[in-house]
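Observations on chain architecture
So you can see what is in the structure, the chains are spelled out below.
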Amino acid sequence: MKTIKVLNPQTFKYHKLTVRLATIQGQSSALFSSFSPSSPAQYTITPPPSSDSTKYPPITSDYLYKSIVSSQWHFIEHILPNLTTTLISTVLCDLRANPDLVINFIDRLDPQSVTIQCHCLAITIMARLPSPKQAMQLIKKVIISRIADCKLFFDELVSARKRLSVTSSIVLDLLIRAFCELKRADEAFKCFYMMKGEGILPKIETCNDLLSLFLKLNRMEAAWVLYAEMFRLKINSTICTFNIMINALCKEGKFKKAKEFIGYMENLGFQPNVVTYNTIINGYCSDRKVEAARQLFVTMKAKGIEPDSYTYNSLISGMCKEGRMKEASALLRNMEEYRLTPTAVTYNILIDCCCNKGDLEGAFSYRDEMVRQAIKPTVSTYNLLIHALFLECRLTEADYMVKEMEGKGIVPDAITYNILINGYCRASNAKKAFNLHDEMVGKGIKPTQNTYTSLLYVLGKRKRMKEADDLFVKIMSKGILPDLIMFNTLIDGHCANGNVNRALFLLKEMDRLKIPPDEVTYNTLMQGRCKEGKVEEARELLDQMKKRGIKPDHISYNTLISGYSRRGDVKDAFRVRDEMLSTGFNPTLLTYNALIQGLCKNQEGDQAEELLREMVSKGITPNDGTYLSLIEGIGMVDTSMENNKPNEMSC
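Residues numbered from 1 in each chain as written. Predicted model: local features only at pLDDT ≥ 70, side-chain atom pairs only at ≥ 80, totals over all residues. Heavy atoms only, no water.

1. Examining the overall build of the protein
Looking only at helices and strands, the protein has 36 helices and two strands in total. Within the span of the protein, comprising 651 residues, buried residues form 47% of the whole. Sequence separation of 24 or more characterises 61% of the internal contacts of the protein that already satisfy a separation of 6 or more. As displayed, the protein has an accessible area near 34600 Å², and 53% of this comes from carbon and sulfur atoms. (Helix = DSSP H or I, 4+ residues; strand = E, 2+ residues; numbered from the N terminus. Buried < 20%, exposed > 50% of the residue type's maximum accessible area, 1.4 Å probe, protein only. Contact = heavy atoms within 4.5 Å. Areas by Shrake-Rupley, 256 points an atom, 1.4 Å probe, with all protein chains shown as cover.)

Written out as structure tokens, the structure reads:
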């Protein structure tokens, strides 16, 4: 039997009206005329005038409220463009007991058309929900949209609290926490002081979030200022607060004070926990003070505080940094005594240590062990192994590792692609490197400064500097700011390809972008000038770097010595050698080879042999270049003597 749909009488009565509204723009508010409340509301919307003679009752705040409560979202969406700020704010206040409906309503509004006042009312109501997630999302949305600065946002939230008769400060705490999550510490701190000005104390959890952010940003002074303010305002610290401040002391290298802080905690009735000790142990290990870390490890166990995997990871990492691989491995075995299962992080530390030592066999052995322990290798595990294989030019095996990780469902990340691109660039395989770049972009992974630096490097090696310049312009247009290493790579490419003027232009570009050059920048430019035979201009660059406060290194001096020697200006070469000695640099093999080459070029073999004896006496072993210069010098002397010999036939 065919089902007969029974129409609601009201719908039937106004069926003609709804059809007309589908074709007449700007009169969608009349769609609700059949549902007008019996009593008029305080705030209304009158539809815009039209040529249609039919008159529709205005939309009232009371009716809009009832429409939201009854979830008539399809109808509501028709009238959204005509809603006024006054009407929206009134309805939001009426919905104060229904935060979920406020979320549904506010989500349908165009963010740009909603005032900061309405946003703050919605946020204050949503903050009543058990989870702060929805309110936090809207706060962050408002911050990012920049519809109000920090002060206006705060002031409007204060006004919303008063209008809604809310006594809780949770919404202001959420504002600070949102700024913290966005890593906008100054605005978060400003809100802290504004809360203080309103006589409202932030919750300790909020303060802890801000303290943690200051530490992440290495702003220790600001962290201590905030901690002092908390103390003055009598905001009671928690064990989390103390652990954060102990971490601050460790970051500052004040380990003695960090240990004293434990006593301060205990005097206040707080018992240090495993996180407290882990913080100091990790600080010691990061600062290569492993023995001090081990002593504290013994102390924590004596106090009945059981170490966890983080404790062992810190100690194993510290041992690896000092090259104490056997002891690091012993700690791994020691974890079993405490029934602690090593994590992927534990094995990654050991694998990294093996890779840094060039012990790929040991690295793969630890990878195999973690698999036997049913610990899944992570993307970091594969990144470490792939990088080590590239360093040893084992490209085929590196490719196999990529296929293996993908076969196990491990998705390569930006670091993986950067390792691969850098590896192929070092191998001068530009085509493969650019294909990998296209692949990572296709997968939605954004290339980084490191990605583009590698690509610029290979273009320079392949003498494709026009493409390198074009890529550099493209990088800038994408909003990726070049760093020092990227500029040095591009400058090196131009100098190696004989375009020093373009390299000098890039130096000016660095100044424009306020990226300070370093000794590598100037050494590269000096080498470029010396290759052109323009040693005086290279000398000017050395003087320029000194004026800028950049200290020349042994490469700077050796470049000039080599430049002067190649063209036979031995006196100038020795003058630079003496300058080098006066600054505390000892001559290197390159220094002696350059000077010997210059002396031989000028047929001053005796002095060259004297320098050879001097370098050997200083423990510097001559190489092929040294002897080649001497042999060439002897050959030049013999040729000269032959040319100066009297012609016997003419006698």
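2. Observations concerning the side chain of Ser454
Here Ser454 is to be found in helix α26 (residues 449–461). Relative accessible area serves as the criterion here: at 7%, Ser454 is assigned to the buried category. Setting aside anything within four residues of it in sequence, one finds Ser454 in contact with Ile421, Asn422 and Cys425.

3. Observations regarding the confidence of the model for the protein
Here the protein averages 86 in pLDDT, and 88% of its residues register 70 or above. When pLDDT is averaged over each helix and strand of the protein, the minimum, 34, is found for helix α2 (residues 15–23) and the maximum, 97, for helix α12 (residues 204–216). Confidence drops under a pLDDT of 50 for residues 48–57, and excluding neighbours within four residues, the segment shows twelve contacts in the predicted structure. Below a pLDDT of 50 lies the segment residues 637–651, which in the model reaches two contacts outside its immediate sequence neighbourhood of four places, other chains included. (pLDDT = per-residue confidence, 0-100.)

4. Topic: the environment of Leu64
Mapped onto the fold, Leu64 is located in helix α3 (residues 61–69). Exposure remark for Leu64: the relative accessible area of 1% places this residue in the buried category. Considered as a pair, Leu64 and Leu87 are 23 residues apart in the sequence and their alpha carbons are 8.7 Å apart. In contact with Leu64, other than residues within four places in its own chain, are Ile76, Ile79, Leu83, Leu87 and Val91.

5. Quick notes on helix α25 (residues 430–442)
Taking 1.5 Å per residue, 13 residues should reach 18 Å; α25 reaches 18 Å between its end C-alpha atoms and fits that length. Buried within α25 we find Ala430, Ala433, Leu436, His437 and Met440. Looking straight down α25, one finds that the buried residues subtend no more than 125° of arc, so they occupy a single side. Residues of α25 that are exposed and angled more than 90 degrees away from the buried face: Lys431 and Gly442. Residues of α25 that are buried sit in contact with α24 (414–426) and α26. Downstream of α25 by a residue or two, Gly444 has a phi angle that is positive, lying close to 80°. (Expected span 1.5 Å × (residues − 1). Arc of directions from axis to C-beta.)

6. Digging into empty space enclosed by the protein
Throughout the structure, instances matching the rule amount to two cavities of 30 Å³ or more. Here the largest cavity is characterised by a volume of approximately 50 Å³. Lining the second largest cavity are Pro111, Gln112, His119, Leu138, Lys141, Val142, Ser145 and Ile147. The dominant element in the lining of the second largest cavity, judged by the number of residues it contributes, is helix α8 (residues 133–145), at four residues. Partitioned by chemical class, the residues of the lining of the second largest cavity number four nonpolar, three polar and one charged. (1 Å grid on protein atoms, 1.4 Å probe; cavity = no way out; pocket = protein on both sides within 12 Å on 5 of 7 lines; lining within 4 Å. Points joined across faces, edges and corners; volume = space filled by probe spheres on them. Nonpolar A, V, L, I, M, F, W, Y, C, P; charged D, E, K, R; others polar.)

7. Points about the packing of aromatic side chains
Between two aromatic rings, the relevant description is the distance of the centres plus the angle of the planes. Counted under the stated rule, the structure contains 15 aromatic pairs. Seen from their ring centres, Phe192 and Tyr193 are 5.7 Å apart, and the 85° between their planes marks the pair as edge-to-face. What makes Phe192 buried here is its relative accessible area of 2%. Owing to a relative accessible area of 33%, Tyr193 belongs among the partly exposed residues under this scheme. By way of ring pairs, the aromatic residues Phe189, Phe192, Tyr193 and Phe214 are connected into one cluster. The side chain of Arg426 reaches across the aromatic face of Tyr457, ending 3.9 Å from its centre. (Phe/Tyr/Trp six-rings, centres within 6.5 Å; stacked < 30°, edge-to-face > 60°. Lys NZ or Arg CZ within 6 Å of the ring centre and 35° of its normal.)

8. Some remarks on the packing of α24 against α25
When two helices pack together, their arrangement is given by the angle between the helix axes and by the axis-to-axis distance. At a minimum axis distance of 8 Å, the contact between α24 and α25 shows a crossing angle of 165°. The angle between the axes of α24 and α25 places the two elements in the roughly antiparallel class. Viewed along their axes, α24 and α25 form a crossing whose handedness is left-handed. The residues of α25 that touch α24, namely those facing Ala414, Tyr417, Asn418, Leu420, Ile421, Tyr424 and Cys425, are Lys432, Ala433, Leu436, His437, Glu439 and Met440. (Axes fitted to C-alpha atoms, helices over the stretch in contact; angles between N-to-C directions. Parallel < 35°, antiparallel > 145°, perpendicular 65-115°, else oblique. Left-handed = near helix turned anticlockwise from the far one by under 90°.)

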